[in-house]
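Observations on the three-dimensional arrangement
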Amino acid sequence: MNPVTALAWQPPKFYTDAVNTVLGSAWAVVLLSIAGLVLMLRFYRIWTRPKIAGAIGGAAVLLLAISYFDPAFRAIAGRPDNIPIVMMVLSVAFFVWLAFRQAALNDERLEQGLPPREAEAKEAEKTFVWPDLVYIELIALILFSVFLVVWSIALKAPLEQPANPAKTPNPSKAPWYFLGLQEMLVYFDPWIAGVLMPTMIITGLMMIPYIDRNPRGSGYYTFRERKFAVSLYMFGFLIAWVVLIFLGTFLRGPNWNFFGPYEPWDIHKLEPLTNINLSEIIYLRIFGRGMPAHWFPREIFGILLVLGYLFVLPVLLARFVPLFRSLYERLGNARYGLLMLHLLVLGSLVIKMLARWTLNLKYVVAIPEYFFNI
Amino acid sequence: MADEVKRGAEGGGEDPGRRRGLFAWLRSTQIWTSVFRHGPPDTPRNRTLAVMSNVFLHLHPPKIRRSGIRMKYTWCMGGLSFFLFLVETVTGVLLMFYYRPTAEFAYADIVSLREDVPLGIMRELHRWGAHAMVITVWLHMMRVFLTGSYKPPREFNWNVGVMLLVLTLLLSFTGYLLPWDQLAMWAVTVGTNMARATPFVGHEGPGAGLLKLGDINLVHSGSDVRFALLGGRAVGPAALLKFYVWHCVAFPLAAATLMAVHFWRVRKDGGISGPL
Ligand code: HEM
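The text that follows walks through the structure, step by step, so that each part is easy to find.

The rules behind these values
- Residues numbered from 1 in each chain as written.
- Chains lettered and ligands numbered in written order.
- Predicted model: local features only at pLDDT ≥ 70, side-chain atom pairs only at ≥ 80, totals over all residues.
- Heavy atoms only, no water.
- Helix = DSSP H or I, 4+ residues; strand = E, 2+ residues; numbered from the N terminus.
- Buried < 20%, exposed > 50% of the residue type's maximum accessible area, 1.4 Å probe, protein only.
- Contact = heavy atoms within 4.5 Å.
- Areas by Shrake-Rupley, 256 points an atom, 1.4 Å probe, with all protein chains shown as cover.
- Phe/Tyr/Trp six-rings, centres within 6.5 Å; stacked < 30°, edge-to-face > 60°.
- Near = heavy atom within 4 Å.
- Polar contact = N/O pair within 3.5 Å; in protein donor to acceptor, adjacent residues only side chain to side chain.
- Nonpolar A, V, L, I, M, F, W, Y, C, P; charged D, E, K, R; others polar.
- Salt bridge = Lys/Arg side-chain N within 4 Å of Asp/Glu carboxyl O.

What follows concerns the overall build of chain A. A count of helices and strands for chain A gives 14 helices and 3 strands. In chain A, which comprises 374 residues, the share counted as buried stands at 48%. Pairs at least 24 apart in sequence give 67% of the contacts found in chain A among residues at least 6 apart. Roughly 18,900 Å² of accessible area belongs to chain A as shown, and the carbon and sulfur atoms make up 71% of that amount.

So this is what it looks like as structure tokens:
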């Protein structure tokens, strides 16, 4: 990394140290984000009030501004190619607010037996595209063009050394929008993180209109009327996509080691790798004997666990957990099965993260003979 | 004929007290009336004609629910995504004038775009526009989801949207390689390495060993999907050319076609969604 000149003022060390400690590992970042999401969904009527949201947003922007005075932070977040990611995080935050604010207002109206704002007579009335819409489009187009031109003048597109197949940079990173998937590589082999996950993201998105049969909440913002759908989508988009991209971009340095937001990327940082497989935990630690030579007895427990998780668990949930039972009753076999498959694969990411953090678990099923590791 | 033009230009019921001076004169010239076949858009009839008689504006219906044009409802994100696609097309074509997709010239051409073109910001516009488009498409998708706009009758258009999302990412990814610098080569190496692990058809994927003729493995590093993708075992000149063609021809055409379908369907599905 290029050494970055220190500025006259830097954020106080007790603050940067505290943040580096709290956000001291990938799991801390992910768990805190999940906690944040839960709070956000639980209290959406409160924090979306303009004054509170404004205060939170202002504080976040101030914090970001202060952070840029930290040399380690600036070295990463100040790179031209990383600026769009900062903008992405800010704009996602803004639009999540805008959507949930309108949902909160509509939900209040729905509770009082009123229709959502979008259904009011004056909103439902038809208006002329020319000029009402055409002018909005024109203004948006001009403003956005100005924004793009200013951005392009202010920030030169980066260009590194010529391509050299003999010189691998460390870290080597995929384009930023795929860094969530690259982060998944910490927990899964490429066939899952790089092939299965993207495929299931696409199939999952495509299935949404056919699985979500809830007729309410069509054509207006609401949370109350579609809590499950909205929560699931926000989890997928905000946590499994945006937060992982953030993590992969700003907090993963050389050797894909984790670095706190204000921690300089030290290429010599060593992270002990003592991860073990489930089969080793079972045979060596629990049974206290050697590993079987053949992969089948060795991995049978892991295989059963995975099969049970994917195919038995949905059945049990549908029987014994009210939320899933009502889902099952509404959706029927095919829809429920597909939904659960996607849901559980998404959930496996969190489970694998937790297992890595608590048990140093590497693979649940490890059959390197067939490149089949889970 | 002249009569018709005149009728159009006067466009029924216009307040005769307004529109004097230069602009009014301009509107009465034969050139103007030959282009715009309707009078000033200040009557319902002419506002309708303004949209209906223009092939581009005709993407819109003449009238639309008020809730559907609110910025706070659509965030204009679909429109911005489309606008950025157009920006990418124009700046991309300009870049093509300077850029040769060979290992010999690619990097040098980018350097000269940087160093030799006075006031050149085409590369910047193209790159930042691409980043921005990825973001606006995600935000657009989030708005469509949160307004439940994928619900019947818009299920299919949501899926057209998902395909557009994939194409947007693929466009961005294939473009990433073209500067042919270290960032480009290694980002694409990391990305395409995943293809090695594709089940059955990648040489390090589960089940790769199953496809065999006698003792001979059919799926190996010189025959798997990654090889097909890159035209070689590593990211090299063949990959550069392939990505260039995907990036400049195949994906933009596919995206433009799907966008036509997407916009068409927005209208056919009843315009921007609103409460039923
Ligand atoms: C290149 C990408 C895309 C472009 C240029 C685009 C453009 C547009 C435009 C201009 C509209 C009109 C309303 C608005 O602006 O919100 C629209 C509506 C819509 N888009 Fe997209 N879109 C894209 C990607 C997507 C994606 C990724 C999805 C979802 C997966 C999607 C699903 C829809 C749906 C369902 C509607 C109808 C919404 C309604 O009626 O309220 N689009 N799109």
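Throughout the structure, instances matching the rule amount to 44 aromatic pairs over all chains. Summarising the aromatic geometry, the rings of Phe94(A) and Trp97(A) are spaced 5.8 Å apart at their centres and angled 45° between planes, so their arrangement reads as tilted. Taken as a pair, Phe94(A) and Trp97(A) lie in helix α6 (residues 83-111) at a separation of 3 residues, close to a single helical turn. When the ring of Tyr283(A) is compared with that of Phe287(A), the centres are 5.5 Å apart and the planes differ by 85°; the resulting orientation is edge-to-face. The class of Tyr283(A) is buried, set by a relative accessible area of 7%. Each member of the aromatic cluster is reached from another via a ring pair, and the members are Trp176(A), Tyr177(A), Phe178(A), Tyr233(A), Phe237(A), Trp241(A), Trp138(B), Phe145(B), Tyr150(B), Trp158(B), Phe173(B) and Phe243(B).

Let us look at the site of the ligand. All names here are of chain B. Within the structure, the ligand sits among 26 residues, and His 140, Arg 143, Gly 161, His 262 and Ser 273 are positioned closest to it. A distance of 3.5 Å separates an oxygen atom of the ligand from a polar backbone atom of Gly 79. Interatomic distance of 3.0 Å between a side-chain N/O atom of Arg 154 and an oxygen atom of the ligand. At the level of secondary structure, the elements contributing two or more residues to the shell around the ligand comprise α7 (77-96), α9 (122-146), α10 (155-177) and α13 (237-268). Taken together, the residues of the shell around the ligand sort by class into 13 nonpolar, 11 polar and 2 charged.

Quick look at unusual backbone geometry now. Peptide bonds are mostly trans, and most non-glycine residues show a negative phi. Residues and elements named next belong to chain A. Here the bond from Trp 130 into Pro 131 is cis, since omega is 10°, no more than 30 degrees from zero. Mapped onto the fold, Pro 131 is located in helix α8 (residues 129-154). Of note, the bond from Asn 170 into Pro 171 is cis; its omega dihedral lies within 30 degrees of zero at 0°. Relative to the helices and strands, Pro 171 is located in the loop between α8 and α9 (179-184).

By the definition in use, this model includes 21 salt bridges over all chains. Of the charged contacts in the structure, one is a salt bridge between Arg70(B) and Glu123(A), with a shortest N-O distance of 2.7 Å. Within this pair, whereas Arg70(B) is found in the loop between α5 (66-69) and α6 (71-74), its partner Glu123(A) is found in helix α7 (residues 121-124), the two belonging to separate chains. For Glu123(A), a relative accessible area of 1% gives the class buried.

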